[in-house]
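Read off the chains here:
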Amino acid sequence: MLNPIELLKDDHEKVKKLFEQIADTSNQAEKTREKLFLTIERELRVHTTIEEEILYPALRQAAKNDEQRRLYFEAVEEHKAVDLLLPSVREAAFGTNEFAAKVKVLKEIVEHHVEEEEGEMFPLVKKLFSREQLAELGERLDARKKELMAEGS
Ligand SMILES: [Fe+2]
Ligand SMILES: [Fe+2]
């Protein structure tokens, strides 16, 4: 079966590596920064979109109490923070300390968010959904991801 958790964790791993690469660049490496940043931006948009369209609403519906719903609401707000930060990073020139600082803050927010998803939300998802439901979520996430990637969004 297509495991939804593994699919999302693979995305996390990929973005984590891209952030490590971009954090290692100097102000002189403008072209590399630009290329890495555009890839990060695209990966984040596709990933947050499939979570927001498919996983999060399923979790919200299945949540049994406020503590479980809290994970949903926090994740939504963290995605919003990322959405706000992305254009601001883009405004900074690639070869500047300002760009490096903005990328570092974005990296920290994303890492924190990933920790919460992998540490709290995904274990809850595994608990709340049956094998069949998980397989269905996996199929939907995968199909939507392919669609978004093809659109080049
Ligand atoms: Fe997320
Ligand atoms: Fe995620």
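Since the model is a prediction, treat every value here as computed from it, not as a measurement.

> Help me understand the packing of aromatic side chains in this model?
Aromatic rings considered in pairs are described by the distance between their centres and by the relative angle of their planes. Applying the stated rule across the entire model yields five aromatic pairs. A centroid spacing of 6.5 Å and a plane angle of 55° characterise the contact between F37 and F94, whose relative ring orientation is tilted. Note that F37 is positioned in helix 2 (residues 30-62) and F94 in the loop between helix 3 (66-91) and helix 4 (97-128), a separation of 57 residues in sequence. Taken as a pair, F37 and F94 share a single burial class, namely buried. For the ring pair F94 and F99, a centre distance of 5.2 Å and an interplane angle of 65° mean the geometry is edge-to-face. Relative accessible area serves as the criterion here: at 18%, F94 is assigned to the buried category. An aromatic cluster is built from F37, F94 and F99, whose rings are joined through pairwise contacts.

> Help me understand the coordination of the iron ion (ligand 1) in this model?
Six octahedrally arranged donors around a metal ideally form angles of 90 or 180 degrees; four tetrahedrally arranged donors ideally form angles of 109.5 degrees. Taken together, the protein ligands of the iron ion (ligand 1) are E51 (OE), Y56 (OH), H79 (NE2), H113 (NE2) and E117 (OE), with distances of 2.0 to 2.4 Å. Counting the intervening residues between successive donors of the iron ion (ligand 1) yields the motif E-x4-Y-x22-H-x33-H-x3-E. For the pair the iron ion (ligand 1) and the iron ion (ligand 2), the metal-to-metal distance amounts to 3.3 Å, and E51 bridges them. A residue pair is termed long-range when its members are at least 10 positions apart, and E51 in helix 2 and E117 in helix 4 qualify at 66 residues. You can call E117 buried: its relative accessible area is 1%.

> Explain the nonpolar core to me, please; I cannot follow it from the model alone.
Among soluble globular proteins, nonpolar side chains are generally buried collectively. Formed by 24 residues in total, the largest nonpolar core has its most connected members in L8, L55, L59, M121, V125 and F129. Sort the elements by how many residues they give to this core and helix 2 lands first, with eight residues. For M121, the residues in contact, after removing those within four places along its chain, are L55, Y56, L59, L71, A75 and E116. Residues L18, I40, A92 and F99 belong to the second largest nonpolar core, which totals 19 residues.

> Would you mind showing me how to read empty space enclosed by the protein here?
One way to see where empty space is left: roll a probe the size of a water molecule over the atoms. Under the criterion given, the structure shown has two cavities of 30 Å³ or more. What the largest cavity holds in volume is close to 150 Å³. Every residue lining the largest cavity is counted, 15 residues in all, and those nearest its centre are H12, L44, H47, V110 and V114. For the lining of the largest cavity, the secondary-structure elements that each account for two or more residues are helix 1 (4-23), helix 2, helix 3 and helix 4. The dominant element in the lining of the largest cavity, judged by the number of residues it contributes, is helix 1, at five residues. Here the lining of the largest cavity is built from residues that sort into six nonpolar, five polar and four charged. Of the pockets and cavities examined, the second largest cavity occupies roughly 40 Å³.

Analysis parameters
- Residues numbered from 1 in each chain as written.
- Chains lettered and ligands numbered in written order.
- Predicted model: local features only at pLDDT ≥ 70, side-chain atom pairs only at ≥ 80, totals over all residues.
- Heavy atoms only, no water.
- Phe/Tyr/Trp six-rings, centres within 6.5 Å; stacked < 30°, edge-to-face > 60°.
- Helix = DSSP H or I, 4+ residues; strand = E, 2+ residues; numbered from the N terminus.
- Buried < 20%, exposed > 50% of the residue type's maximum accessible area, 1.4 Å probe, protein only.
- Donors = N, O, S within 2.8 Å, 3.2 Å for Na, K, Ca; no water.
- Core = buried A, V, L, I, M, F, W, Y, C linked by side-chain atoms within 4.5 Å.
- Contact = heavy atoms within 4.5 Å.
- 1 Å grid on protein atoms, 1.4 Å probe; cavity = no way out; pocket = protein on both sides within 12 Å on 5 of 7 lines; lining within 4 Å.
- Points joined across faces, edges and corners; volume = space filled by probe spheres on them.
- Nonpolar A, V, L, I, M, F, W, Y, C, P; charged D, E, K, R; others polar.

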